[in-house]
Amino acid sequence: MLSVSRSATVIGLEAAPVRVEVDISVGLPAFTIVGLPDAAIREARERVRSGISNSEFDFPLKRITVNLAPGDVKKEGPSFDLPIALATLAASGFMAGERFNEYLVAGELSLTGEVKRISGALSVAAKARELGFKGVVVPRGNAEEASLIQGLRVMPVANLRDAVDFFNGAYEPPPSEVNLREISGQITDYGVDFLEVKGQEHVKRGLEVAAAGAHNVLMLGPPGSGKTMLARRLPTVMPELSFEEAVEITRIYSVAGMLGSGQQLIRTRPFRAPHHTISSAGLAGGGSSPRPGEISLSHHGILFLDELPEFGKHVLEVLRQPLEDGVVTISRASGTLTYPAEFMLISSMNPCPCGFLGYRGRSCSCTPQAVQRYRSRISGPLLDRIDIHVEVGRLPKEALVSRELGEASEEVRRRVEAARARQRERFGASRTLTNAAMEAREIRRFCTLEGTAAALLERAIDRLALSGRAYERILKVARTIADLAVEEQIGVEHVAEAIQYRALDRGGTQ
Amino acid sequence: MSALDYWLCICQVPALYSRAGGLAGKLGGADAVWLATRAELRAVGCSEQAADEIVKGRRGIRPDAVVEKLEKTGARVVSFDAKVATGARGGVGNEGARAARVGRNEGATAVGNRSADIGGSATSGESTDRYPESLAEVAAPPQLLFIRGRPLDQLIGGIAVVGSRRATAYGKSMAESLGREIVMAGLPVVSGLARGIDASAHQGALESEAGTVAVLGCGVDIVYPPENKRLMSSIAEAGWILSEYPPGTAPLAAHFPARNRIIAGLSMAVVVVEAAEKSGALITADCALDQGKEVFAVPGSVRSPQSKGTHKLLKQGAALIESAEDLLEYLGIPNRSMRSGVETDEREQEILDRLGWEPVHLDDIVRASGDMSEVANTLLLLELKGLVNKDHGGFYIRVR
């Protein structure tokens, strides 16, 4: 007897449909799986056998052959347990297999017959909808995320029995549904707020400008000056996530298996702070069974690299393409994958190897050459993609004990959102969405300087020995500052402030 | 080959060039030094190893190599020798170099006016390059002096302002004001174009036409340290860049103590702004004392390691100065127009008053008076006017 159930395997962020064909024939008892399965799928034999027996079905003592078609696509993960078990039961006549064609099935079996959470359920559901399936049968723990896909029946099952009963028509689990209006009405809570940061006004201002124009940031400051604390609060002033953005993020986390049980939609902008010992595969994604890396996990959020010069040179190089294109492409012998990676890079470094350069009350023990060497560890091309450098000073004691609270994140976010709206309006239908993403042509068009502002910039470049690469960056940032100030024309004070954010470019004068 | 040609050969062999002054005295002239046999070298006290190195190094060396580099970089050269040979009044500089370029084979001794005729450009009588007299009096005067910038005889009576490469904001601010005030009194400022105090002193001195002299420990065409590139090209336009090493010479550590005697030699007095306990600036001060010149020191905090060296000088009897006014009074130089005419508007003055001579943080200024963009703008304008300097970590300090 032959029976075919339908499932899918996740490649990158996309699911690819897979036919699970099970043939049971007379012969010596055997259980073979073919069709480029990985180790996890080969082990499915044991889980399926026990899962079936422990769900009070008889496991057929015959020759069982499972084929996962198409045969040339590598398949991986334990999510084929459930479709294999169902097709096996159907092939041996324990259940009806007529509705197999209407539903994509995915789920991992435990030996007791329970169906356990899988990763990538959201991608499977999206594919089901795209291919015109009526619905998906997924583990209960994945029901919430899968139901984000509209116009699809999501059938959550807790164990193998439920699934069999559902296909037999004996049991109709309440389909998981989601009220989109309700979701988008919820208030995003990050648990942290800018008002908790004492002092550091110019750093907060720098981060506000960065959020408004989606500029990448480098913070320079001694250890313990609050760089991490400040960076962690940056998502709270960024614009609210749109539903589409939230779904994109959720999908990445779903594939990475990092979605909490019962979590439906990730509604906060991600903040990722990988340690500097991370490998390039860890940062960019990949590995033998590809997984999104930290840069994709920071999609629509913040990638915070603390102690930037400590990261491996090769590791930092992988940032260049995603910073430019917003996606990361991973090429392996088995094929090429693309993960989204539109993130803001917030990095930090000490001003010098010992960390105390410019710190009042403690002198720095580094030679000027050592400082130079330390700073030059960050490559020019990477530095070219960082528009804003802010110096984070260590706070005096009075500021730390003061009761004064800063401005709340919500107020800052309102200004940021208004500035973003101005940018969208300006760029209209073009691909550019933010000031940071402007290309040379757009800079020429939208960042014109009038008399005094142009003269100021020229004088500053000359007198402060700013490097050539500073010029365009200053223009972009000045554009954002003007947007925050609701000004059409970039004024002299906007240029002046933008110049303040080029600490690392200043030549001999510092 | 002319004497200058021999010197241009000698300067390409470091082992020989470093001993050339002494050898010339014993052997009698550049040609004798260049052509000395191994035995002669041994006889006048060269070690076996040094003689070997010299003999080997001399092979295949021609003066053209240096002349070509001079032409390419627009630099000139004067020799100590020529000064002695032609007397204190004889112009050697430009013409000497030109002789090397044009009429190299015309005769061994023709370095003076004749070669100027051959070169066809009669700059003699006007400004020329002449080996500085004050430098000729130094114990081991540099045999050659390579020059970029203004003609050398316009360089009279410099004041050296030197100090630590790892300077504090206070030190840099002091060096900049001293540099500015000294040139405003009509005296050129001599320093070493290093990071820190040196760079600030040059920067301040660029503001007036008395000019500034950078004495390098590498070739005059080499930018070192790299961040002083812009400063160096401004000095090449408005001042002098000098070195005893031929163009293309790398900045070797051994060159720097040696160039300090030139800094002292070109100056009437040496001012040490900030120096740690062991600092190159103290070598310059020692050279100045050996040459019988005044040494001044700017005091700092007794707790600052960057002022340990200057305080040591003060204890040993150096004169303490708080401003260029003190210095000029001490040297008996009339003090012209110390007040510079930088105009500030009301708002700039307000911020300036808020800033002290100690670093103030940007946040404090913003908290006290208004909006970030506006304060940043005013501070930048003040910085561009040279009234304020930015220090690490978002601090600002008043410079004058």
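Conventions used here
- Residues numbered from 1 in each chain as written.
- Chains lettered and ligands numbered in written order.
- Predicted model: local features only at pLDDT ≥ 70, side-chain atom pairs only at ≥ 80, totals over all residues.
- Heavy atoms only, no water.
- Helix = DSSP H or I, 4+ residues; strand = E, 2+ residues; numbered from the N terminus.
- Contact = heavy atoms within 4.5 Å.
- Areas by Shrake-Rupley, 256 points an atom, 1.4 Å probe, with all protein chains shown as cover.
- Pairing = 2+ DSSP bridges.
- Axes fitted to C-alpha atoms, helices over the stretch in contact; angles between N-to-C directions.
- Buried area = accessible area lost by both parts, 1.4 Å probe.
- Salt bridge = Lys/Arg side-chain N within 4 Å of Asp/Glu carboxyl O.
- Polar contact = N/O pair within 3.5 Å; in protein donor to acceptor, adjacent residues only side chain to side chain.
- Nonpolar A, V, L, I, M, F, W, Y, C, P; charged D, E, K, R; others polar.
- Buried < 20%, exposed > 50% of the residue type's maximum accessible area, 1.4 Å probe, protein only.
- Parallel < 35°, antiparallel > 145°, perpendicular 65-115°, else oblique.
- Left-handed = near helix turned anticlockwise from the far one by under 90°.

Colleague: I'm lost on the overall build of chain B in this one. Help?
Modeller: A count of helices and strands for chain B gives 21 helices and twelve strands. Partitioning the contacts of chain B with sequence separation of at least 6, the portion at a separation of at least 24 is 71%. Just so you have it, chain B exposes about 16,300 Å², and 50% of that area is on carbon and sulfur atoms.

Colleague: Looking at this structure, I do not really get the sheet that holds strand β3 (residues 158-162) of chain B. What am I missing?
Modeller: The strands making up a sheet associate through hydrogen bonds between their backbones, and the pairing can be parallel or antiparallel. Residue and element names in this part refer to chain B. Strand order across the open sheet formed by nine strands is β1-β2-β6-β5-β4-β3-β7-β8-β9, with mixed pairing between neighbours. Of all the strands in the sheet, just β1 (76-79) and β9 (319-320) have a single pairing partner and so form its edges. Relative to strand β8 (residues 294-297), strand β7 (residues 267-272) runs parallel, the two being bridged by four bridges. Residue pairing for β8: Val 271 is matched across the bridge by Phe 296. Where helix α16 (residues 280-290) meets the sheet, its contacts fall on β3, β7 and β8, and the angle it forms with β7 comes to roughly 145°.

Colleague: Where do I start with the interface of chain A and chain B in this structure?
Modeller: How big an interface is tends to be stated in terms of the accessible area lost upon association of its parts. Listed per partner, the contact involves 40 residues of chain A and 34 residues of chain B. Here chain A meets chain B over a buried area of about 3,300 Å², counting both sides, of which 53% is carbon and sulfur. In this assembly, chain A and chain B are joined by two salt bridges. Across the chain A-chain B interface, the total number found is nine residue pairs in polar contact (both at pLDDT 80 or more). Elements represented by at least two residues in the side of chain A that touches chain B include exactly α8 (201-213), α15 (368-375), α20 (451-463) and α22 (492-500) of chain A. Considered class by class, the residues forming the side of chain A that touches chain B number 15 nonpolar, 14 polar and eleven charged.

Colleague: Explanation requested: the sheet that holds strand β9 (residues 153-157) of chain A in the structure shown.
Modeller: All names here are of chain A. Across the sheet, which stays open at both edges, the three strands sit in the order β5-β8-β9 with parallel pairing between neighbours. Each end of this open sheet is capped by a strand with a single partner; those strands are β5 (103-105) and β9. When the angles between neighbouring strand axes are averaged without regard to direction, this sheet yields 25°. Sheet analysis places β5 next to strand β8 (residues 135-139), joined by three bridges and oriented parallel. When the bridges of β8 are listed, Val 105 appears paired with Val 137.

Colleague: Where do I start with the side chain of Thr432(A) in this structure?
Modeller: All names here are of chain A. Along the chain, Thr 432 falls in the loop between α18 (409-427) and α19 (440-446). A relative accessible area of 9% means that Thr 432 is categorised as buried. Of the polar contacts made by the side chain of Thr 432, one reaches the side chain of Glu 442; its length is 2.8 Å. Setting aside its immediate chain neighbours within four residues, Thr 432 contacts Phe 427, Ala 437, Met 438 and Glu 442.

Colleague: What exactly am I supposed to notice about the environment of Gly224(A) here?
Modeller: The residue Gly224(A) is located in the loop between β10 (217-220) and α9 (227-232) in this model. A C-alpha to C-alpha distance of 7.2 Å links Gly224(A) and Arg394(A), two positions 170 residues apart in sequence.

Colleague: Would you take a moment to explain the packing of helix α12 (residues 169-184) of chain B against helix α18 (residues 324-331) of chain B for this structure?
Modeller: Helix packing for two helices is described by the angle between their axes and how far apart those axes are. Residue and element names in this part refer to chain B. One can describe the packing of α12 onto α18 by two numbers: an axis separation of 9 Å at closest approach and a directional angle of 40°. As summarised for this structure, α12 and α18 are arranged oblique, according to the angle between their axes. Only Ala 324, Glu 325 and Leu 327 of α18 make contact with α12, whose side of the interface consists of Leu 178, Glu 181 and Ile 182. Taken together, the residues that form the contact of α12 with α18 break down as four nonpolar, no polar and two charged.

Colleague: Honestly, the packing of helix α3 (residues 81-91) of chain A against helix α6 (residues 160-168) of chain A in this entry has me stumped. Any pointers?
Modeller: Residues and elements named next belong to chain A. It is at 11 Å that the axes of α3 and α6 come closest, and there the two elements cross at 55°. In terms of axis orientation, α3 runs oblique to α6. The crossing of α3 and α6 is right-handed. Across the interface between the two elements, Leu 82, Ala 85, Leu 86 and Leu 89 from α3 touch Leu 160, Ala 163, Val 164 and Phe 167 from α6. Here the residues of the contact of α3 with α6 are counted per class, giving eight nonpolar, no polar and no charged.

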